[in-house]
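Fold and geometry: a report
In case you want the letters, here they are:
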Amino acid sequence: MIKEAWPEFLDRKYCTRMSFALSPHSDGLHTFSVITTGVAKVFVNGEEVFHRPQEPILQPESFYFYKAKIERKFSLSLAKDQRVKIDVHSWAADADVLGCVEGTVFQGSSLRFMEYFDIPKAIHDASIIASEADVAIVFVGNTNEIESEGYDRETMDLTKDQYLLISAVAAQNPKSIVVNFSGSPVTVNPFIDHVPVFLQSWFAGQECGNSVAKVLTGVVNPCGKLPMSWPRKNEDNPAFNNFPCDDNDVLRYEENLRVGYRFYDAQDTPSPQFPFGYGLSYTTFELFSFKITSAEFGEPNQTKVTLACEAGNTGSRAGKTVIQIYVSYNGATTGAHHPRPPKELKSFRKIHLELGERRWTDFVLDKYAFSFFDPQEGQWKLQEGPYTVHASFSSAEKPLPVELNVPKSHYWKGI
């Protein structure tokens with residue numbers, strides 16, 4: 001790959017050749033793929049087997065972020081332990097194509113190889129093993145070819161074979177666990193009602209195996225909470241109707257304030273698969289009391305509301321949970337601003353509770369909790385009127401409410 005600085009020794013109309021030997025470990029139709037910003041040809045034992053023409057449309061980061069967009073695959077039948085010589089010839093991107101790109105194109109080429117794998121047989125074998133096991137664990141998810149920085153996924157779905165694998169294993173073992181690795185939500189509708197455990201592990205690091213094992217075996221009590229609302233399907237996303245960009249590369253943010261949990265709180269929207277703040281534990285928690293301990297209103301910087309929430313561990317072991325504090329404006333909407341969402345998160349705190357422990361936790365709300373930006377005035381407005389403050393464990397959980405009133409409006413700037 002040629003990234004930032006162009007090498008002084010390399011002509012703009014360069015060509016490259018990669019050569020190596022390959023010996024498959026199995027018989028079958030093996031898969032190769034060519035990723036290149038220019039023309040490429042693949043030779044096996046000196047015979048051309050694939051020609052990759054020039055991609056007509058490139059982006060500056062095509063070879064860096066958008067490899068999946070310019071990847072072209074082909075299949076080749078090879079015998080087990082048959083040694084073959086592979087050559088890949090590639091050329092610089094066409095000058096006319098480069099001329100249509102705003103910015104510098106990261107040029108490059110690569111060849112990928114995926115050995116033949118009998119997926120139906122592997123799924124069948126997995127189901128047999130699952131039927132003989134006390135507990136079955138199925139690991140699924142995305143890779144950086146499907147989900148990474150610099151580009152957007154086209155679907156929330158996992159690959160078809162992964163759903164088939166989950167279904168086959170769950171059909172043979174009622175104690176099947178699905179562990180998913182992805183950086184954002186995936187569609188879980190095909191299996192979520194058929195397995196007792198679903199563990200979202202995100203994109204884990206080098207201690208991934210140890211971490212997952214400790215959670216599944218109960219050495220560690222999980223306490224993670226969702227940092228977003230998890231949609232049931234792609235069409236349930238608040239930005240779905242405005243995405244991707246139109247033909248003029250214009251992206252419209254017509255959802256305005258209706259994003260995340262604020263979108264799903266509206267009456268005319270679908271319910272999420274899992275709400276913002278959701279996350280299970282090996283113990284249970286309950287909110288018992290919520291109250292205002294003091295409220296001061298004056299100038300914006302003098303606004304201070306102190307709250308106290310009593311939470312308890314009602315389960316069988318120590319654990320952590322998160323208390324969320326939401327604020328709802330109950331007055332009539334005035335001015336040029338958009339109507340306020342049903343509620344907005346203004347504070348949260350993770351707490352540790354021993355088995356059977358009940359404890360009060362304090363929260364402090366300032367001017368930000370009762371303000372919105374007024375575009376007509378070009379300032380923030382501390383809005384007078386009635387408010388409800390809620391305490392809950394997630395955006396969808398039944399809250400404990402308290403009422404208060406802001407006596408006077410104030411405009412303010414800066415922080």
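Below or above, wherever it landed, is the structure these notes cover.

What counts and how
Residues numbered from 1 in each chain as written. Predicted model: local features only at pLDDT ≥ 70, side-chain atom pairs only at ≥ 80, totals over all residues. Heavy atoms only, no water. Helix = DSSP H or I, 4+ residues; strand = E, 2+ residues; numbered from the N terminus. Rg over C-alpha atoms; globule rule 2.2 N^0.38 Å. Buried < 20%, exposed > 50% of the residue type's maximum accessible area, 1.4 Å probe, protein only. Contact = heavy atoms within 4.5 Å. Areas by Shrake-Rupley, 256 points an atom, 1.4 Å probe, with all protein chains shown as cover. Pairing = 2+ DSSP bridges. Expected span 1.5 Å × (residues − 1). Axes fitted to C-alpha atoms, helices over the stretch in contact; angles between N-to-C directions. Polar contact = N/O pair within 3.5 Å; in protein donor to acceptor, adjacent residues only side chain to side chain. Core = buried A, V, L, I, M, F, W, Y, C linked by side-chain atoms within 4.5 Å. 1 Å grid on protein atoms, 1.4 Å probe; cavity = no way out; pocket = protein on both sides within 12 Å on 5 of 7 lines; lining within 4 Å. Points joined across faces, edges and corners; volume = space filled by probe spheres on them. Patch = residues over 30% accessible without salt bridge, like charges linked within 9 Å, V, L, I, M, F, W, Y side chains within 5 Å. Salt bridge = Lys/Arg side-chain N within 4 Å of Asp/Glu carboxyl O. Nonpolar A, V, L, I, M, F, W, Y, C, P; charged D, E, K, R; others polar. Domains from an automatic or database assignment.

In terms of helices and strands, the protein chain carries five helices and 20 strands. Taking 415 residues into account, the globule formula puts the C-alpha radius of gyration at 22 Å, and the protein chain, at 28 Å, lies well above it. Taken along its principal axes, the extent of the C-alpha atoms in the protein chain is 85 × 60 × 40 Å. Out of the 415 residues belonging to the protein chain, those deemed buried represent 40%. By sequence separation, contacts in the protein chain at least 24 residues apart represent 72% of the contacts at least 6 residues apart. Accessible surface for the protein chain amounts to roughly 23300 Å². Of this, 52% is attributable to carbon and sulfur atoms.

Within a regular beta strand, the side chains point alternately toward one face of the sheet and then the other, so they alternate between its two faces. Burial runs high along strand β12 (residues 304-313): nine of the 10 residues are buried. Alignment of strand β11 (residues 285-296) against β12, held across 10 bridges, turns out to be antiparallel. Looking across to β12, one finds that K291 is bridged to A308. Examined bridge by bridge, β12 and strand β15 (residues 358-365) share eight bridges and lie antiparallel to one another. Across the sheet, residue C309 finds its bridge partner in β15, namely T361.

Its place among the elements puts V49 in strand β4 (residues 47-52). Note: C-alpha distance between V49 and K80 (31 residues apart in sequence) is 19 Å. Sequence-distant contacts of V49, that is, excluding residues within four places in its chain, are made with V42, F43, V44, F74 and L76.

Take helix α3 (residues 160-172) next. For α3, with 13 residues, the first-to-last C-alpha span of 19 Å sits near the 18 Å given by 1.5 Å per residue. Along its buried surface, α3 packs onto α2 (119-131), β8 (136-141) and β9 (176-181).

Spatial ordering of the open sheet is given by β14-β13-β18-β19, a layout of four strands whose pairing is antiparallel. Each end of this open sheet is capped by a strand with a single partner; those strands are β14 (344-353) and β19 (400-406). Taking each pair of neighbouring strands and ignoring which way they run, the sheet shows an average axis angle of 20°.

Topologically, L10 is positioned in the segment before β1 (15-22). The class for L10 is partly exposed, based on a relative accessible area of 24%. Along the sequence, L10 and F285 sit 275 residues apart, while their C-alpha atoms lie 65 Å from each other.

With respect to the element layout, R52 can be found in strand β4. Within the structure, R52 has its side chain in polar contact with the side chain of E55 (distance 2.7 Å). Ignoring any residue separated from it by four or fewer positions in sequence, one finds R52 in contact with V34, T36, G38, V39, A40, I70 and R72.

Counting 26 residues, the largest nonpolar core has F290, L307, I323, I325, L365, F370 and V389 as the members making the most contacts within it. Elements with a minimum of two residues in this core: β11, β12, β13 (319-329), β14, β15, β18 (385-392) and β19. Non-local contacts of F290, meaning those with residues more than four positions away in its chain, are made with L307, A308, C309, I325, V389, H390, A391, L400, P401 and V402. Grouped together as the second largest cluster of nonpolar side chains are 18 residues, V140, A170, V178 and F191 included.

Bringing empty space enclosed by the protein into the picture now. Applying the stated rule across the entire model yields one cavity of 30 Å³ or more. In this structure, the largest cavity spans a volume of roughly 110 Å³. Every residue lining the largest cavity is counted, 14 residues in all, and those nearest its centre are Y329, R340, E344, S371 and Y387. Those elements that place two or more of their residues in the lining of the largest cavity are β13, β14 and β16 (371-374). Examining the composition of the lining of the largest cavity, we find that three residues originate from one element, β13, more than from any other.

The subject of this paragraph is a nonpolar patch on the surface. Taken together, the side chains of V135, I137 and F139 define a hydrophobic patch exposed on the protein surface, amounting to about 270 Å² of accessible area. When you line up the elements, I137 lands in strand β8.

With that settled, consider the layout of surface pockets. Quantified by volume, the largest pocket comes out at close to 1200 Å³. Considering the residues around the largest pocket, the lining is formed by 32 residues, among which Y151, D152, R153, F243 and P244 are closest to the centre. Looking at side-chain class alone, the lining of the largest pocket contains 16 nonpolar, nine polar and seven charged residues. The residues that make up the lining of the largest pocket include at least three from each of domain 1 (14-114) and domain 2 (119-265). One number sums up the size of the second largest pocket: a volume of about 940 Å³. Around the second largest pocket sit 32 residues that line it, and F198, L199, Q200, P222 and L280 are the ones nearest its centre. Sorting the residues of the lining of the second largest pocket by element identifies β10 (197-200) and α4 (208-216) as the ones contributing at least two each. Grouping the constituent residues of the lining of the second largest pocket by class yields 23 nonpolar, seven polar and two charged.

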